[in-house]
Amino acid sequence: MYPEIEPFEHGMLDVGDGNLVYWEVCGNPDGKPVVCLHGGPGTGCSPGMRRQFDPEAYRIVLFDQRGSGRSTPHAADHATDLSVNTTAHLVRDVERLREHLGVERWMVFGGSWGCTLGLHYAELFPRRVTEIVMVAVTSGRHDEIDWLYHGLGRLFPEEWHRFRAGAPEGSVDLVAAYDALLNDADPAVRAKAADDWCAWEGSIVSLDPDHRPGPRWSDPRWRRAFARITAHYFRHRGWLEDGQVLRDIGRLHGIPAVLVHGRLDLQGPLVTAWELDRAWPDAELRVVHGASHSAQDPGMSEAVLAATDGFAHRR
(Lines give C-alpha, C1' and ligand atoms only; values in the text may rest on other atoms or scores of the structure.)
Protein backbone atom coordinates (compact mmCIF):
# COMPACT_ATOMS: atom_id res chain seq x y z
CA MET A 1 0.00 0.00 0.00
CA TYR A 2 1.04 3.63 -0.31
CA PRO A 3 2.95 5.27 2.58
CA GLU A 4 1.11 6.67 5.58
CA ILE A 5 -0.16 10.22 5.11
CA GLU A 6 -1.96 12.80 7.23
CA PRO A 7 -4.96 14.94 6.25
CA PHE A 8 -4.27 18.43 4.97
CA GLU A 9 -7.84 19.44 5.81
CA HIS A 10 -10.49 18.16 8.19
CA GLY A 11 -13.60 19.30 9.99
CA MET A 12 -17.04 18.54 11.39
CA LEU A 13 -19.98 18.92 9.01
CA ASP A 14 -23.42 19.70 10.42
CA VAL A 15 -25.70 17.27 8.58
CA GLY A 16 -28.81 18.05 10.60
CA ASP A 17 -30.76 16.08 13.20
CA GLY A 18 -28.17 17.14 15.78
CA ASN A 19 -25.41 15.18 14.00
CA LEU A 20 -21.91 16.38 13.20
CA VAL A 21 -19.96 14.20 10.77
CA TYR A 22 -16.17 14.10 10.90
CA TRP A 23 -14.46 14.41 7.50
CA GLU A 24 -10.90 14.67 6.25
CA VAL A 25 -9.09 15.18 2.97
CA CYS A 26 -5.66 13.73 2.15
CA GLY A 27 -3.33 13.50 -0.82
CA ASN A 28 -3.23 16.06 -3.62
CA PRO A 29 -5.54 19.08 -3.15
CA ASP A 30 -5.80 19.33 -6.94
CA GLY A 31 -6.03 15.59 -7.53
CA LYS A 32 -8.85 13.36 -8.70
CA PRO A 33 -11.59 13.38 -6.02
CA VAL A 34 -12.54 10.04 -4.44
CA VAL A 35 -14.88 9.44 -1.52
CA CYS A 36 -14.13 6.41 0.62
CA LEU A 37 -17.04 4.70 2.38
CA HIS A 38 -16.17 2.52 5.37
CA GLY A 39 -17.81 -0.72 6.32
CA GLY A 40 -19.70 -2.00 9.29
CA PRO A 41 -21.99 -0.17 9.35
CA GLY A 42 -20.33 1.71 12.18
CA THR A 43 -16.63 0.89 11.98
CA GLY A 44 -15.54 4.45 11.27
CA CYS A 45 -12.51 5.35 9.15
CA SER A 46 -8.99 4.14 9.83
CA PRO A 47 -5.64 5.64 8.75
CA GLY A 48 -4.99 2.59 6.58
CA MET A 49 -7.88 3.53 4.31
CA ARG A 50 -5.89 6.56 3.10
CA ARG A 51 -3.15 4.27 1.81
CA GLN A 52 -5.28 2.65 -0.87
CA PHE A 53 -4.83 5.61 -3.23
CA ASP A 54 -1.87 7.28 -4.90
CA PRO A 55 -1.52 10.48 -2.82
CA GLU A 56 -0.02 12.36 -5.77
CA ALA A 57 -2.97 11.53 -8.02
CA TYR A 58 -5.97 11.57 -5.69
CA ARG A 59 -7.79 14.04 -3.49
CA ILE A 60 -8.86 11.45 -0.92
CA VAL A 61 -12.03 12.17 1.07
CA LEU A 62 -12.89 10.06 4.11
CA PHE A 63 -15.62 10.52 6.69
CA ASP A 64 -17.02 8.74 9.72
CA GLN A 65 -20.64 7.80 9.11
CA ARG A 66 -23.21 8.99 11.64
CA GLY A 67 -22.65 7.77 15.19
CA SER A 68 -19.22 6.24 14.48
CA GLY A 69 -15.58 7.21 14.76
CA ARG A 70 -15.17 10.90 15.52
CA SER A 71 -18.69 11.89 14.46
CA THR A 72 -21.08 13.08 17.15
CA PRO A 73 -23.23 12.15 18.96
CA HIS A 74 -21.56 8.78 19.32
CA ALA A 75 -23.62 5.59 19.15
CA ALA A 76 -21.80 4.19 22.19
CA ASP A 77 -23.75 6.69 24.27
CA HIS A 78 -27.10 5.18 25.22
CA ALA A 79 -28.90 8.52 24.80
CA THR A 80 -27.89 8.86 21.14
CA ASP A 81 -30.98 8.69 18.93
CA LEU A 82 -30.47 6.21 16.10
CA SER A 83 -33.85 6.93 14.50
CA VAL A 84 -32.05 9.64 12.50
CA ASN A 85 -29.31 7.21 11.46
CA THR A 86 -30.53 5.32 8.39
CA THR A 87 -29.27 4.56 4.89
CA ALA A 88 -31.23 7.51 3.52
CA HIS A 89 -29.56 9.80 6.05
CA LEU A 90 -26.10 8.53 5.06
CA VAL A 91 -26.79 9.06 1.36
CA ARG A 92 -27.80 12.64 2.06
CA ASP A 93 -24.66 13.08 4.18
CA VAL A 94 -22.48 11.99 1.26
CA GLU A 95 -24.14 14.58 -0.96
CA ARG A 96 -23.84 17.31 1.68
CA LEU A 97 -20.15 16.54 2.03
CA ARG A 98 -19.63 16.67 -1.75
CA GLU A 99 -21.30 20.05 -1.90
CA HIS A 100 -19.40 21.29 1.16
CA LEU A 101 -16.05 20.40 -0.42
CA GLY A 102 -17.01 21.89 -3.78
CA VAL A 103 -16.60 18.61 -5.65
CA GLU A 104 -18.51 18.38 -8.94
CA ARG A 105 -18.00 14.64 -9.54
CA TRP A 106 -15.98 11.99 -7.74
CA MET A 107 -14.99 8.37 -7.71
CA VAL A 108 -16.85 6.22 -5.18
CA PHE A 109 -14.86 3.63 -3.22
CA GLY A 110 -16.46 1.29 -0.71
CA GLY A 111 -15.66 -1.80 1.32
CA SER A 112 -18.15 -4.37 2.65
CA TRP A 113 -21.16 -2.35 3.93
CA GLY A 114 -19.55 0.62 2.18
CA CYS A 115 -20.29 -1.20 -1.10
CA THR A 116 -24.01 -1.33 -0.38
CA LEU A 117 -24.01 2.33 0.61
CA GLY A 118 -21.79 3.35 -2.30
CA LEU A 119 -23.80 1.51 -4.93
CA HIS A 120 -27.08 2.86 -3.57
CA TYR A 121 -25.67 6.41 -3.50
CA ALA A 122 -24.37 6.07 -7.07
CA GLU A 123 -27.72 4.77 -8.29
CA LEU A 124 -29.43 7.83 -6.83
CA PHE A 125 -26.77 10.33 -8.01
CA PRO A 126 -25.13 8.76 -11.08
CA ARG A 127 -24.24 12.16 -12.57
CA ARG A 128 -22.00 12.83 -9.58
CA VAL A 129 -19.97 9.62 -10.01
CA THR A 130 -16.97 9.16 -12.33
CA GLU A 131 -15.91 5.60 -11.45
CA ILE A 132 -16.64 3.00 -8.80
CA VAL A 133 -14.34 0.60 -6.93
CA MET A 134 -16.00 -1.89 -4.58
CA VAL A 135 -14.06 -4.27 -2.30
CA ALA A 136 -15.58 -7.28 -0.52
CA VAL A 137 -18.83 -6.61 -2.33
CA THR A 138 -22.22 -6.53 -0.61
CA SER A 139 -25.58 -5.32 -1.88
CA GLY A 140 -27.82 -5.38 1.19
CA ARG A 141 -30.06 -8.23 0.05
CA HIS A 142 -32.00 -9.80 2.87
CA ASP A 143 -30.45 -13.22 2.37
CA GLU A 144 -26.98 -11.66 2.72
CA ILE A 145 -27.93 -10.44 6.20
CA ASP A 146 -29.58 -13.73 7.14
CA TRP A 147 -26.50 -15.64 6.00
CA LEU A 148 -24.16 -13.44 8.04
CA TYR A 149 -25.93 -13.93 11.37
CA HIS A 150 -27.62 -17.30 10.92
CA GLY A 151 -26.51 -19.39 7.94
CA LEU A 152 -22.79 -18.82 8.44
CA GLY A 153 -23.09 -20.63 11.75
CA ARG A 154 -22.91 -23.89 9.78
CA LEU A 155 -19.27 -23.12 9.01
CA PHE A 156 -18.41 -21.67 12.44
CA PRO A 157 -20.61 -23.78 14.76
CA GLU A 158 -18.67 -23.21 17.98
CA GLU A 159 -18.45 -19.44 17.50
CA TRP A 160 -22.09 -19.21 16.42
CA HIS A 161 -23.21 -21.26 19.43
CA ARG A 162 -21.62 -18.65 21.70
CA PHE A 163 -23.22 -15.87 19.65
CA ARG A 164 -26.59 -17.61 19.84
CA ALA A 165 -26.23 -18.13 23.59
CA GLY A 166 -25.88 -14.37 24.09
CA ALA A 167 -29.45 -13.79 22.88
CA PRO A 168 -32.55 -14.58 24.94
CA GLU A 169 -33.67 -18.20 24.76
CA GLY A 170 -36.13 -18.79 21.94
CA SER A 171 -34.96 -15.85 19.84
CA VAL A 172 -35.66 -16.50 16.16
CA ASP A 173 -34.14 -13.33 14.71
CA LEU A 174 -30.74 -12.89 16.38
CA VAL A 175 -30.19 -9.45 14.88
CA ALA A 176 -33.44 -8.15 16.35
CA ALA A 177 -32.66 -9.83 19.67
CA TYR A 178 -29.24 -8.21 19.89
CA ASP A 179 -30.64 -4.85 18.78
CA ALA A 180 -32.91 -4.95 21.81
CA LEU A 181 -30.07 -5.95 24.14
CA LEU A 182 -27.81 -3.20 22.81
CA ASN A 183 -30.49 -0.64 23.68
CA ASP A 184 -31.35 -2.11 27.10
CA ALA A 185 -31.60 0.27 30.05
CA ASP A 186 -28.95 -1.72 31.95
CA PRO A 187 -25.40 -0.73 30.87
CA ALA A 188 -24.08 -4.17 31.86
CA VAL A 189 -26.54 -5.81 29.48
CA ARG A 190 -25.50 -3.45 26.68
CA ALA A 191 -21.80 -4.07 27.30
CA LYS A 192 -22.14 -7.86 27.26
CA ALA A 193 -24.23 -7.77 24.09
CA ALA A 194 -21.60 -5.61 22.38
CA ASP A 195 -18.85 -8.00 23.43
CA ASP A 196 -20.79 -11.04 22.20
CA TRP A 197 -21.66 -9.35 18.91
CA CYS A 198 -18.07 -8.31 18.25
CA ALA A 199 -16.74 -11.73 19.19
CA TRP A 200 -18.88 -13.23 16.43
CA GLU A 201 -17.96 -10.55 13.89
CA GLY A 202 -14.27 -10.86 14.67
CA SER A 203 -14.27 -14.65 14.35
CA ILE A 204 -15.62 -14.75 10.78
CA VAL A 205 -13.71 -11.97 9.02
CA SER A 206 -10.73 -14.12 8.00
CA LEU A 207 -9.88 -17.77 7.42
CA ASP A 208 -6.33 -17.22 8.70
CA PRO A 209 -6.12 -18.93 12.12
CA ASP A 210 -3.51 -16.36 13.18
CA HIS A 211 -5.67 -13.37 12.16
CA ARG A 212 -6.14 -10.79 14.90
CA PRO A 213 -8.61 -7.91 14.65
CA GLY A 214 -7.17 -4.39 14.75
CA PRO A 215 -6.53 -2.55 18.03
CA ARG A 216 -9.83 -0.68 18.00
CA TRP A 217 -11.65 -3.99 18.56
CA SER A 218 -10.30 -3.95 22.12
CA ASP A 219 -11.87 -0.53 22.80
CA PRO A 220 -15.19 -1.02 24.68
CA ARG A 221 -16.55 2.28 23.38
CA TRP A 222 -15.81 1.30 19.78
CA ARG A 223 -17.38 -2.13 20.31
CA ARG A 224 -20.59 -0.62 21.72
CA ALA A 225 -20.98 1.80 18.81
CA PHE A 226 -20.11 -0.73 16.13
CA ALA A 227 -22.45 -3.41 17.48
CA ARG A 228 -25.30 -0.98 18.12
CA ILE A 229 -25.15 0.63 14.66
CA THR A 230 -24.74 -2.67 12.82
CA ALA A 231 -27.65 -4.35 14.61
CA HIS A 232 -29.78 -1.23 14.08
CA TYR A 233 -29.12 -1.22 10.33
CA PHE A 234 -29.50 -4.92 9.74
CA ARG A 235 -32.59 -5.28 11.89
CA HIS A 236 -34.19 -2.85 9.46
CA ARG A 237 -32.63 -4.61 6.44
CA GLY A 238 -30.76 -1.42 5.61
CA TRP A 239 -34.08 0.27 4.77
CA LEU A 240 -33.67 -1.18 1.27
CA GLU A 241 -36.15 -3.29 -0.66
CA ASP A 242 -34.92 -6.83 -1.11
CA GLY A 243 -32.65 -6.87 -4.17
CA GLN A 244 -33.00 -3.13 -4.72
CA VAL A 245 -29.32 -2.43 -5.47
CA LEU A 246 -29.13 -5.19 -8.08
CA ARG A 247 -32.52 -4.19 -9.53
CA ASP A 248 -31.39 -0.58 -10.07
CA ILE A 249 -27.91 -1.35 -11.40
CA GLY A 250 -28.94 -0.14 -14.86
CA ARG A 251 -28.81 3.41 -13.52
CA LEU A 252 -25.01 3.06 -13.49
CA HIS A 253 -24.79 2.56 -17.25
CA GLY A 254 -21.62 4.15 -18.59
CA ILE A 255 -19.85 4.34 -15.21
CA PRO A 256 -16.74 2.11 -15.23
CA ALA A 257 -16.22 -0.03 -12.15
CA VAL A 258 -13.98 -2.66 -10.63
CA LEU A 259 -15.31 -5.20 -8.14
CA VAL A 260 -12.59 -6.80 -5.99
CA HIS A 261 -13.65 -9.90 -4.09
CA GLY A 262 -12.00 -12.76 -2.25
CA ARG A 263 -12.81 -16.22 -3.59
CA LEU A 264 -13.17 -17.52 -0.01
CA ASP A 265 -15.06 -14.54 1.41
CA LEU A 266 -17.53 -16.24 3.75
CA GLN A 267 -19.03 -13.07 5.22
CA GLY A 268 -20.06 -11.97 1.74
CA PRO A 269 -20.05 -14.96 -0.62
CA LEU A 270 -18.78 -14.33 -4.14
CA VAL A 271 -22.21 -14.83 -5.72
CA THR A 272 -23.24 -11.23 -4.98
CA ALA A 273 -20.25 -9.74 -6.81
CA TRP A 274 -20.71 -12.25 -9.64
CA GLU A 275 -24.38 -11.36 -10.12
CA LEU A 276 -23.61 -7.63 -10.09
CA ASP A 277 -20.89 -8.18 -12.67
CA ARG A 278 -23.28 -10.09 -14.94
CA ALA A 279 -25.92 -7.36 -14.70
CA TRP A 280 -23.48 -4.45 -15.11
CA PRO A 281 -21.59 -4.38 -18.44
CA ASP A 282 -19.35 -1.52 -17.29
CA ALA A 283 -18.06 -3.47 -14.28
CA GLU A 284 -15.07 -5.80 -14.14
CA LEU A 285 -14.98 -8.49 -11.44
CA ARG A 286 -11.51 -9.32 -10.13
CA VAL A 287 -11.49 -12.40 -7.91
CA VAL A 288 -8.60 -12.82 -5.47
CA HIS A 289 -8.04 -16.54 -5.06
CA GLY A 290 -7.38 -17.71 -1.52
CA ALA A 291 -8.58 -14.44 0.03
CA SER A 292 -11.51 -14.02 2.42
CA HIS A 293 -13.30 -10.88 3.67
CA SER A 294 -10.18 -9.41 5.24
CA ALA A 295 -8.27 -6.69 3.43
CA GLN A 296 -5.14 -8.13 5.05
CA ASP A 297 -5.36 -11.40 3.12
CA PRO A 298 -2.66 -12.04 0.50
CA GLY A 299 -3.49 -10.51 -2.84
CA MET A 300 -6.21 -8.14 -1.66
CA SER A 301 -4.06 -5.02 -1.32
CA GLU A 302 -2.47 -5.65 -4.70
CA ALA A 303 -5.87 -6.02 -6.36
CA VAL A 304 -7.23 -2.87 -4.70
CA LEU A 305 -4.20 -0.80 -5.70
CA ALA A 306 -4.41 -2.10 -9.26
CA ALA A 307 -8.00 -0.86 -9.38
CA THR A 308 -7.35 2.58 -7.89
CA ASP A 309 -4.15 3.07 -9.89
CA GLY A 310 -6.06 2.12 -13.03
CA PHE A 311 -8.48 5.00 -12.55
CA ALA A 312 -5.99 7.50 -11.09
CA HIS A 313 -5.47 9.55 -14.23
CA ARG A 314 -8.82 9.02 -15.91
CA ARG A 315 -10.76 12.25 -16.37
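Please refer to the structure higher up on the page.
This one's a predicted model, so the numbers in the text were calculated from it and none came from an experiment.

For the structure on display, the rule yields 17 aromatic pairs. Their ring planes at 50 degrees and their centres at 6.0 Å tell us that Tyr149 and Phe234 sit as a pair that is tilted. Residue Tyr149 is found in helix H3 (residues 142-149), and its partner Phe234 is found in helix H7 (residues 220-235); the two are separated by 85 residues along the sequence. Grouping residues by exposure puts Tyr149 and Phe234 together as buried. A centroid spacing of 5.7 Å and a plane angle of 70 degrees characterise the contact between Phe163 and Trp197, whose relative ring orientation is edge-to-face. Of this pair, Phe163 sits in helix H4 (residues 157-165) while Trp197 sits in helix H6 (residues 187-203), placing them 34 residues apart in sequence. Judged on exposure class, the residue Phe163 and its partner Trp197 are both buried.

Among the six residues of strand E7 (residues 257-262), six are classified as buried, and the element is accordingly described as predominantly covered. Where burial is concerned, the two faces of E7 agree: the one with Ala257, Leu259 and His261 and the one with Val258, Val260 and Gly262 are both buried. Across four bridges, the pairing between strand E6 (residues 129-137) and E7 is parallel. Residue pairing in the sheet places Val135 in a bridge with Val260 of E7. With six bridges joining them, E7 and strand E8 (residues 283-288) adopt parallel strand pairing. Its bridge partner lying in E8, His261 is registered against Val287. Since E7 and E8 lie parallel, the crossover through helix H9 (residues 271-279) that links them has a hand, and here it is right-handed.

Attention now moves to the packing of H4 against H6. Contact geometry of H4 with H6 gives a least axis separation of 9 Å together with a crossing angle of 160 degrees. As judged from the angle between their axes, H4 and H6 are roughly antiparallel. In this structure, the crossing between H4 and H6 has a hand that is left-handed. Residue-level inspection shows Glu159, Trp160 and Phe163 of H4 in contact with H6, the latter providing Asp196, Trp197, Trp200 and Ser203. Residue classes in the contact of H4 with H6 are distributed as four nonpolar, one polar and two charged.

Attention shifts here to the pattern of salt bridges. Counted by the stated rule, this structure contains 24 salt bridges. Where Asp93 meets Arg66, a salt bridge forms, and the shortest distance between an N and an O atom there is 2.7 Å. Taken together, the residues span a long stretch of sequence, with Asp93 in helix H1 (residues 87-101) and Arg66 in the loop between strand E4 (58-63) and H1 at a distance of 27 residues. Assessed through its relative accessible area of 2%, Asp93 is described here as buried. Among the salt bridges present, the one from Glu131 reaches Arg314, with a minimum N-O distance of 2.7 Å. Here Arg314 lies in the segment after helix H10 (300-311) and Glu131 lies in strand E6, a separation of 183 residues in the sequence. With relative accessibility at 35%, the residue Arg314 sits in the partly exposed group. Each of the salt bridges in this network shares a partner with another, and the network as a whole consists of Glu6, Glu24, Arg50, Asp64 and Arg70.

It is worth spelling out the environment of Leu124 at this point. Residue position: Leu124 is located in helix H2 (residues 113-124). The class for Leu124 is partly exposed, based on a relative accessible area of 41%. Separated by 35 residues in sequence, Leu124 and Glu159 have C-alpha atoms that sit 38 Å apart. For Leu124, the contacting residues outside a window of four places in its chain are Val91 and Arg251.

What follows concerns the sheet that holds strand E2 (residues 19-27). If you trace the eight strands from one edge of the open sheet to the other, you get E1-E2-E4-E3-E5-E6-E7-E8, paired in mixed fashion. Each edge of the open sheet carries a strand with a single partner, namely strand E1 (9-16) and E8. The sheet shows a mean angle of 20 degrees between the axes of neighbouring strands, taken without regard to direction. Here strand E3 (residues 32-37) pairs with strand E5 (residues 106-112) via four bridges, running parallel. Considered in E5, the bridge of Cys36 is made with Phe109. In the packing of H2 onto the sheet, contacts are made with E3, E5 and E6, and the angle to E5 comes to roughly 145 degrees. Against the sheet, H10 contacts E3, E4, E5, E6, E7 and E8, and its axis sits at roughly 180 degrees relative to E7.

Core analysis: the largest hydrophobic core is formed by 69 residues, its most contacted members being Val108, Ile132, Tyr149, Trp197 and Trp280. Core analysis: the next-biggest nonpolar cluster, separate from the first, contains 25 residues, Cys36, Cys45, Met49 and Val135 among them.

About the criteria used
- Throughout, a residue's number is its position along its own chain's written sequence, starting from 1.
- Under the rules for a predicted model, residues below a pLDDT of 70 receive no local features and side-chain atom pairs below 80 are neither given nor counted, while totals for whole chains, interfaces and linings still include all residues.
- Values shown for side chains rest on all heavy atoms present in the structure; no hydrogens or waters enter the calculation.
- Paired rings are identified among Phe, Tyr and Trp, the last through its six-membered ring, by centres lying within 6.5 Å, and are further divided according to the angle between planes into stacked (under 30 degrees), edge-to-face (over 60) and tilted (the rest).
- Numbered from the N terminus, helices here are DSSP runs of H or I no shorter than four residues, and strands are runs of E no shorter than two.
- To sort residues, take the accessible area from a 1.4 Å probe on protein chains only and compare it with the maximum for the residue type: under 20% means buried, over 50% means exposed, and anything in between is partly exposed.
- A pair of strands is treated as paired once DSSP finds two or more bridges between them.
- Note on handedness: a crossover is taken as right-handed if, strands pointing away from the viewer, the path from the first strand over the helix to the second is clockwise.
- Helix axes are fitted to C-alpha atoms over the stretch in contact, other axes to C-alpha atoms as well, and angles between N-to-C directions run from 0 to 180 degrees.
- Angle categories: roughly parallel below 35 degrees, roughly antiparallel above 145, roughly perpendicular from 65 to 115, and oblique for all the rest.
- Two helices that cross are described as forming a left-handed crossing if the nearer one is turned anticlockwise from the farther one by less than a right angle, and a right-handed crossing if clockwise.
- Any two residues whose heavy atoms approach within 4.5 Å at even a single point are treated as in contact.
- Charged residues are taken to be Asp, Glu, Lys and Arg, nonpolar residues to be Ala, Val, Leu, Ile, Met, Phe, Trp, Tyr, Cys and Pro, and polar residues to be all remaining types, Gly included.
- Every case where a carboxyl oxygen of Asp or Glu lies within 4 Å of a side-chain nitrogen of Lys or Arg is listed as a salt bridge.
- Definition of nonpolar core: a set of buried residues of the types Ala, Val, Leu, Ile, Met, Phe, Trp, Tyr and Cys, connected through side-chain atoms within 4.5 Å.

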